[in-house]
Structures are given as structure tokens and as C-alpha cells.
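If you want the building blocks of each chain, they are given just below.
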Amino acid sequence: MNPLETLLQEMILESGPISVERYMALALGHPVYGYYRTQAAVGAEGDFITAPEISQMFGELIGLWAVEVWRLMGAPKEVKLVELGPGRGTLMADALRAVKVAPDFRDAIEVHLVEISLPLREKQRAALEGQGIRIVWHASLDEIPPGPAIFIANEFFDALPVRHYVHRDGGWRERQIGVDENGRLFFGVSGAHESAIAAKGEPEDILEVGVGAARLMTQLGVRVVTQGGAVLAIDYGYSEPARGETLQAMRAHKFVDPLESPGEADLTAHVNFSALARAARGAGAAVHGPVTQGDFLARLGIFERASALERAAAPAQRAAINSALERLAGEGEGFDRATDMARLFKVLAVTRREFDPPPGFAEGAPNEG
Ligand code: SAH
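Our subject in this report is the structure included herewith. (Residues numbered from 1 in each chain as written. Predicted model: local features only at pLDDT ≥ 70, side-chain atom pairs only at ≥ 80, totals over all residues. Heavy atoms only, no water.)

## A closer look at the overall build of the protein chain
- Helix and strand counts for the protein chain come out as 14 helices and 16 strands.
- A globule of 369 residues ought to have a C-alpha radius of gyration of about 21 Å, and the protein chain, at 21 Å, matches this closely.
- Overall, the C-alpha framework of the protein chain stretches about 60 × 45 × 45 Å when taken along its three principal axes.
- Within the protein chain, residue pairs in contact and separated by at least 24 positions form 75% of the contacts whose partners lie at least 6 positions apart.
- Of the accessible surface of the protein chain, which amounts to about 16200 Å², a share of 51% is contributed by carbon and sulfur atoms.
- For the protein chain, the centre of its 36 positive side-chain charges and the centre of its 50 negative side-chain charges are spaced 4 Å apart. (Helix = DSSP H or I, 4+ residues; strand = E, 2+ residues; numbered from the N terminus. Rg over C-alpha atoms; globule rule 2.2 N^0.38 Å. Contact = heavy atoms within 4.5 Å. Areas by Shrake-Rupley, 256 points an atom, 1.4 Å probe, with all protein chains shown as cover. Lys, Arg positive; Asp, Glu negative; His and termini not counted. Charge placed at Lys NZ, Arg CZ, Asp CG, Glu CD.)

In C-alpha cells, the structure reads:
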């Protein structure tokens, strides 16, 4: 039993079962034992791989996306380029390299990184030093000073806590975590019905509510409306709400039991994009998308970028570029579903209402040249 498991057990025995939301928040963010406080997480030697770690093209295209959005904003003299949960700093490093083609944008930006993990902050510092751009770290969004800002979040919303409700005895009860007679954590349900949930359900249906994600999107929407800027959210998720839960734990690139060794595995839940869109609209902002990651990257020109890289690459590297392209944006048959980012990842942008659709969201067939 690890220290966090012992702590959770004591907490539950003392004050009763805890919600899935609280469990997720503690397993990921406990100040001493939380996963994101202690683990290296992202990358080949971490627990999972993300798009920026697959290819430099991802961060480069997002950097160029930010330049275009800044122009649509009227090219303000100062703009904050904010990344939420920057992991190893790879996306931002690739983006900053790519935006050298737009010196006016580079002169206007100040980079802000929102990151709770101290080990990852060190990695970010190492990845970004030498860029000649001022970088400021924050523990939360609230710490970022006011002003127009472009927010980038890749695989960040999926780390925010969800609540689960189980339909039982004619109503929804909150799913909770208790301690069984052998001292093990297990899933149960609360005794009381939640009268505030209007959704219909069949017995044993599970309803997953992304409370953390919706709260954050509301905050971002208000900020964009009042101060200007845009949000780009990219995540594993669904556009139409479905019944069922998606809480999953990953360790060393394998799925494990979410209640096993809390704090040692990455816990995520798929992002409900319709709930994110509702939160942003509720804040008075405009929503673009969601579109699939494949369509988004194709419209931003990933196929052209890959061809250019391939022309410059040694023959041995060409296959690697092509396979990265397929993983990020390909539509090929026979993909491993779990790694088929092109289709399963969605991209959503949030802007002020009087804003043209940002690049990647305009109607029309994606350019797959
Ligand atoms: N965007 C990166 C990393 C994704 S992993 C990539 O695509 O590779 C999630 C990131 O969010 C990590 O950097 C993690 O430390 C950070 N994170 C998770 N929860 C957070 C929170 N509540 N506040 C700030 N950062 C958080």
C-alpha cells in the first residue's frame, strides 16, 4: 500500500466515502503524493505519449495558428501566449521556433505556463531556455495578470476531476469510493438521491459530469470576452454526451485499475465537448468546432509541412515523418483505436462573438494536399 492509499483510507474511515471528483483531485494533485507532483508522466519514459511528443509538426502548426489568431485580434502590441499543462514543454518550444517567421508576433508575446508539477516545470525550463522570450510560471489560471491572451491546452481538460452518478432505485446517486473489509478502496454509491439531476436513466446507467472542465471553460470564456484573446482546447473526447464513464488510469503506457496505487498512475476522463461549448457560450463567448484533430491539422497544412520535412530528410527519417503524420492526422483504416488521435481527439476554439472562425475551423473540405 502506498502512502496516498493509506492517507485516503484513513480519511474515508474517519469521515466517510469520498466522491470520484475528490479522489481524482487528490490522486492527481495531492501536494505531496499527487501524480502530477511526483511523476515525470509524459513521454517515452513516462506513462503516456502525447501529440507534441510524436512530432514537432504539432507544436509548429499551433504556433502558426496563434500568429493568425493574433492578427484576427488586430495584432495587439502585447499579448500573452498561455499554455495550460505544458508537459515537457515540447509544444511551446516547437511553437516558439515556428513563430520566428513572424517577428512582430514574437516581439508582442509574453509566455505564461500554468503547471502544478515541479518536476515538469524543470523540464519546461530546460526545453525553453535559449528562446530569448520571458517565461512566467503559475500554479493556476487565476494568477495570470489581465490582458489579451491566447490559451493553448493540449490534454489538459482530461486531467480535471469528474463526478459520477449511478442510476439506482429510480434516481441518481453519486458514485463514491469507500474502503472494503480487506482495507481496499472500492466503488460504491451514496445513500441519497441527487434530486437536482433532470437526466433520465436506466438502472445502473452511469452519468459522468466534468465539473472541473466546465468550471475552467467558464473562467476562460469570461476572460476572453472581457479581455480579448482565444482558447484552443485539444483533447480525447466526445461531441455528443453519452451514458457511461470514461475514467481511466494509465501507467507505463498500459491501462491499470484507477483505484490501484493512487498517485502512481495518470488518471483521465474523456472530455465532454458539448459541455465545454455550453460553458463557453454561457460566459458570452463564441465557440468554433469541435472538429477532429485530423481535420484541424489538415486545414492548418500538416500534409504540406510533412512533405517539406520529408524532402529535407534522410531516407531513414522519411518513414518516421510519415508515421507521425498518420498518427496525428491520418484517416487510414486499421488503426489501433487507442492511438487513433486523428479521429478521437477533438479541437475546440473559443473567441469573442465578433470573431471570424480561426484557422482550422472554417467550413469546407479540409485541404489534404
Ligand atoms: N500538454 C502536454 C502535457 C499533457 S499532460 C502535452 O501535450 O504533452 C497534463 C499536463 O497538465 C501536465 O503538464 C500536468 O502536470 C498538468 N496539470 C494537470 N493538472 C493540472 C492542474 N490542475 N493545474 C495545472 N497543471 C496541471
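## A word on the site of the ligand
- In the region of the ligand, 17 residues are neighbours, and Thr-50, Gly-85, Gly-87, Glu-115 and Asn-154 sit closest.
- In the environment of the ligand, an oxygen atom lies 2.4 Å from a nitrogen or oxygen atom belonging to the side chain of Glu-115.
- Protein chains shield 92% of the accessible area of the ligand, which is 570 Å² for the free molecule.
- Looking at side-chain class alone, the shell around the ligand contains nine nonpolar, five polar and three charged residues. (Near = heavy atom within 4 Å. Polar contact = N/O pair within 3.5 Å; in protein donor to acceptor, adjacent residues only side chain to side chain. Nonpolar A, V, L, I, M, F, W, Y, C, P; charged D, E, K, R; others polar.)

## As for the sheet that holds strand 13 (residues 266-268)
- Taken in spatial order, the three strands of this open sheet run 12-11-13, and their pairing is antiparallel. The open sheet has two edge strands with one neighbour each: strand 12 (254-256) and strand 13. Here the strands of the sheet are splayed against their neighbours by 40 degrees on average, with no regard to which way each runs.
- Here strand 11 (residues 248-251) runs beside strand 12; their pairing, made up of three bridges, is antiparallel. Paired with Met-250 across the strands is Phe-255, a residue of strand 12. (Pairing = 2+ DSSP bridges. Axes fitted to C-alpha atoms, helices over the stretch in contact; angles between N-to-C directions.)

## Description of a nonpolar patch on the surface
- Residues Leu-7, Val-32 and Tyr-33 make up a contiguous nonpolar surface patch of roughly 230 Å² in combined accessible area.
- Take Leu-7: it is sitting in helix 1 (residues 3-15). (Patch = residues over 30% accessible without salt bridge, like charges linked within 9 Å, V, L, I, M, F, W, Y side chains within 5 Å. Salt bridge = Lys/Arg side-chain N within 4 Å of Asp/Glu carboxyl O.)

## Some words on the nonpolar core
- By size, the foremost hydrophobic cluster in this structure holds 57 residues, and its most contacted members are Trp-65, Phe-105, Ile-150 and Leu-232.
- Among the elements that make up this core, the one with the highest residue count is helix 5 (residues 56-72) (nine residues).
- If we skip the residues at most four places from it in the chain, Ile-150 touches Trp-65, Ala-66, Val-69, Trp-70, Met-73, Val-79, Lys-80, Leu-81, Val-82, Phe-105 and Ala-230.
- Core analysis: the second largest hydrophobic core is formed by 28 residues, Phe-151, Val-271, Ala-279 and Leu-348 among them. (Core = buried A, V, L, I, M, F, W, Y, C linked by side-chain atoms within 4.5 Å. Buried < 20%, exposed > 50% of the residue type's maximum accessible area, 1.4 Å probe, protein only.)

## Considering helix 13 (residues 315-329)
- Over its 15 residues, helix 13 extends 21 Å from the first C-alpha to the last, a length consistent with the 21 Å expected when each residue adds 1.5 Å.
- Restricting attention to buried positions, one finds in helix 13 the residues Ile-321, Ala-324, Leu-325, Leu-328 and Ala-329. Angularly, the buried residues of helix 13 cover 105 degrees about the axis, an arc narrow enough to put them on a single face. Projecting away from the buried face of helix 13 at angles above 90 degrees are the exposed residues Pro-315, Ala-316 and Ala-319.
- The inward-facing, buried residues of helix 13 contact helix 4 (51-54), helix 5, helix 11 (293-300), helix 12 (302-312) and helix 14 (341-344). (Expected span 1.5 Å × (residues − 1). Arc of directions from axis to C-beta.)

## Side note on the side chain of Asp-266
- Within the fold, Asp-266 resides in strand 13.
- Buried within the structure, Asp-266 lacks any salt-bridge partner; Arg-251 is the closest side chain of opposite charge, at an N-O distance of 11 Å.
- A polar atom in the side chain of Asp-266 sits 2.7 Å from the side chain of Tyr-36.
- In contact with Asp-266, other than residues within four places in its own chain, are Leu-28, Tyr-35, Tyr-36, Phe-48, Gln-248, Ala-249 and Met-250.

## Thoughts on the packing of aromatic side chains
- Considering all chains together, one arrives at five aromatic pairs under this definition.
- Seen from their ring centres, Tyr-236 and Phe-345 are 5.4 Å apart, and the 35 degrees between their planes marks the pair as tilted. Of this pair, Tyr-236 sits in strand 10 (residues 229-238) while Phe-345 sits in strand 16 (residues 345-351), and the two are 109 residues apart along the sequence.
- Here Phe-345 falls in the buried class, since its relative accessible area comes to 7%.
- Between Phe-296 and Phe-361, the ring centres sit 5.3 Å apart and the planes meet at 50 degrees, which makes this aromatic pair tilted. With Phe-296 in helix 11 and Phe-361 in the segment after strand 16, this pair connects stretches of sequence that are 65 residues apart. (Phe/Tyr/Trp six-rings, centres within 6.5 Å; stacked < 30°, edge-to-face > 60°.)

## Digging into the side chain of Lys-80
- Position of Lys-80 among the secondary structure elements: in strand 2 (residues 79-84).
- At a separation of 3.1 Å, a polar atom in the side chain of Lys-80 contacts the main-chain carbonyl oxygen of Pro-146.
- Dropping the residues within four chain positions of it, Lys-80 is found in contact with Glu-110, His-112, Ile-144, Pro-145, Pro-146, Gly-147, Pro-148, Ala-149, Ile-150 and Arg-223.

## Here's the deal with the packing of helix 5 against helix 11
- Running from N to C, helix 5 and helix 11 point in directions that differ by 65 degrees, and their axes come no closer than 10 Å. When the axis of helix 5 is compared with that of helix 11, the two are roughly perpendicular. Of the two possible hands of crossing, helix 5 and helix 11 adopt the one that is left-handed. Contacts from Phe-58, Leu-61 and Trp-65 in helix 5 reach Gln-293, Phe-296, Leu-297 and Leu-300 in helix 11.
- Class assignment of the residues belonging to the contact of helix 5 with helix 11 gives a composition of six nonpolar, one polar and no charged. (Parallel < 35°, antiparallel > 145°, perpendicular 65-115°, else oblique. Left-handed = near helix turned anticlockwise from the far one by under 90°.)

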